[in-house]
Structures are given as structure tokens and as C-alpha cells.
Amino acid sequence: MRRMSWFNTTSLAFGFAFLYIPMIVVIVYSFNDNRLVTVWSGFSTRWYGELLRNQAFLDAAWVTAKVGFFSSIAATILGTMGAYVLVRGGRFYGRTLFSGMMYAPLVMPEVITGLSLLLLFIAVNLDRGILTIVLAHATFSMCYVSVVVSSRLVSFDRSVEEAALDLGATPFEAFRLVTLPIIAPAVISGWLLALTLSLDDLVIASFVAGPSATTLPIKVFSSIRLGVSPEINALSTILISIVAIGTITASLMTKRAVVRRQKAERMAEQSV
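This is a predicted model, so every value here is computed, not measured.

1. Quick word on the packing of helix H4 (residues 95-107) against helix H6 (residues 130-154)
Step number 1: Packing of H4 against H6 leaves a shortest axis separation of 8 Å and a crossing angle of 110 degrees. When the axes of H4 and H6 are compared, the pair comes out roughly perpendicular. Counting all contacts with H4, which are made through Met102, Tyr103, Pro105 and Leu106, the residues of H6 involved are Thr139, Phe140, Met142, Cys143, Tyr144, Ser146, Val147 and Ser150.
Step number 2: Its residues assigned to classes, the contact of H4 with H6 comprises 9 nonpolar, 3 polar and no charged.

2. Notes on the nonpolar core
Step number 1: Ranked by size, the top nonpolar core spans 14 residues in total, and within it Val67, Leu117, Ile133, Ala136, Ile204 and Val208 carry the most contacts.
Step number 2: For this core, the secondary structure elements donating two or more residues are helix H3 (55-88), helix H5 (110-123), H6 and helix H9 (203-208).
Step number 3: Broken down by element, this core gets its largest block of residues, 4 residues, from H6.
Step number 4: The contact partners of Ile204, leaving out residues within four places of it in the chain, are Glu110, Thr113, Gly114, Leu117, Ala136 and Phe140.
Step number 5: Ala75, Leu86, Ile183 and Val187 belong to the second-largest nonpolar core, a separate cluster that totals 12 residues.

3. Some remarks on the environment of Phe70
Step number 1: Following the sequence through the fold, Phe70 ends up in helix H3.
Step number 2: With 47 residues separating them along the chain, Phe70 and Leu117 place their C-alpha atoms 18 Å apart.

4. A closer look at the packing of aromatic side chains
Step number 1: Scanning the entire structure with this criterion turns up 6 aromatic pairs.
Step number 2: A ring pair is formed by Phe16 and Tyr20, whose centres lie 5.9 Å apart and whose planes are at 20 degrees; its orientation type is stacked. Of this pair, Phe16 and Tyr20 are both found in helix H1 (residues 6-29), 4 residues apart, which corresponds to roughly one turn of the helix.
Step number 3: Judged by centre distance (6.0 Å) and plane angle (85 degrees), the rings of Tyr29 and Trp40 are edge-to-face. Pair noted here: Tyr29 is in helix H1 and Trp40 is in the loop between H1 and helix H2 (46-52), with a separation of 11 residues, a long-range link.
Step number 4: Here the aromatic residues Phe31, Phe43 and Tyr48 are joined through ring pairs into a cluster of three or more.
Step number 5: In this structure, Arg46 packs its charged tip against the face of Trp47, placed 4.1 Å from the ring centre.

Parameters at a glance
Residues numbered from 1 in each chain as written. Predicted model: local features only at pLDDT ≥ 70, side-chain atom pairs only at ≥ 80, totals over all residues. Heavy atoms only, no water. Axes fitted to C-alpha atoms, helices over the stretch in contact; angles between N-to-C directions. Helix = DSSP H or I, 4+ residues; strand = E, 2+ residues; numbered from the N terminus. Parallel < 35°, antiparallel > 145°, perpendicular 65-115°, else oblique. Contact = heavy atoms within 4.5 Å. Nonpolar A, V, L, I, M, F, W, Y, C, P; charged D, E, K, R; others polar. Core = buried A, V, L, I, M, F, W, Y, C linked by side-chain atoms within 4.5 Å. Buried < 20%, exposed > 50% of the residue type's maximum accessible area, 1.4 Å probe, protein only. Phe/Tyr/Trp six-rings, centres within 6.5 Å; stacked < 30°, edge-to-face > 60°. Lys NZ or Arg CZ within 6 Å of the ring centre and 35° of its normal.

Right under this line is the structure:
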């Protein structure tokens, strides 16, 4: 194994520092007793209590959770269907147009996407609210799901699916019982990506959100216009903790699954 040079070590250290020192500062100052976020005056958890009593933030968090859940499910279903058509559909009339429409949100500026969706909702006389945010988020995030699922379908061994068809399974049964379980990791990854994009979106949601539906990014952005509040630090710390716990849990589950698979392979080799 090659040893890392001083240049690579220094570059890696600066990279990690650039990424994580701001997060550490936010976490530390979320326990600051002073209302001024740049002046340390003692350790306190008062701002977490203030955050839990802030009904505006709680309502925005609930709206964000609902929008993220429903939009990610819709994006996963539509993106998986689109990926399956593009990979397995062969050449059909309008394929180029369909492919371009599927991948257009990847390169389209979010301002243009948000404005076009706003004009569409106004044209069909659809009141802006949670429904319009869900539709907007599903529209721009399903292309990301399609990219992830397409990469897995391209490398998929179709002989397994053909064997199921030869044994009497219908095309739908072959997809449900054989294809879908094999591409499930890609589908789950696409769902997580769509959920992350929905929770993080500000630009598109600001166009299509109504007065009765304010997402957490919009609420945070409107709050920091008057200065960063310690409650924002507390909220950021909670979100960082949730992401860190989820990442660690997923890594442990993946590692455990790899260990179980290797153990099963060794047992199978020994039995032979």
C-alpha cells in the first residue's frame, strides 16, 4: 500500500476543514447562552427549548416532511418507470423527445423551472399550497431517480428475468418478483436522493408555495434576513445530527449485509 505524500495529506486536511469546520462552529454556538451568535457567554440548551416552542418553525418542518415524503415517492415511481422505458423500450417513435424531457430538469436553471411551474398552476387555476409543492418537487427530482435506476438497469443481467418468463411468469410478475428486488438498492438510493433534494429546495418552492404552506428552507431564509438567530443554529444542529445518525446507520447496515453475504459464500464453498 502506497503511503500518502505530504501534499495529498495537506490537501485532504484542508478539504475536510473547509467542509466540516463551519458545521462544528454552528453546533458549538447552538449551545451558546447569548442571543448574539458570535459572542460566547456560557453553555446553555435554552435555544433548543425556544425552537420547540416556536410554532412557525414546527409548522414549516411538518410541511417540509409531508412534501418530502409524498414528492419523493411520486418521483421514485415516475423516475423508475421512465428509466425502465428508456432502457427496455428499445427504439420507439418520440424516444428522443421523451429522453430530453426526462433529463431536462437536470440542466434547467431552478428559476426557470419554478417560474414555468408557477405559470402552469396559474393557467389551470390550481391554488398554491402543499399540492403544488409536491408536484413541483416530483417534477424536478424524478429525473435524478431515472439516472440512478437507469445505470442499474443497464448493467442488469436480463437472463435472470428471461428465466422467470420461461418458467411461466408474466412480464409484470417477472418485474415484481425478479427485476424489482435486484434493482431495489438503486430505487432506494433514488428515493433518498429525491427526498434530500425536496428537503433542501428553496428556489422552486418559493415560486409554487402559497401563504398556507411554508417549507423549512423558506422559513429559515426569511428569518436570517434580519440576522442569524440562535434558534437557527439549534435547528441546523438537529438536522446535522439526523443526517449523521442516518449515514452511520446505513453504513453499519451495509457493512453487516456484506459480512453476512461473505459468510454465506464461505459456507456455500465449504459445503461444496
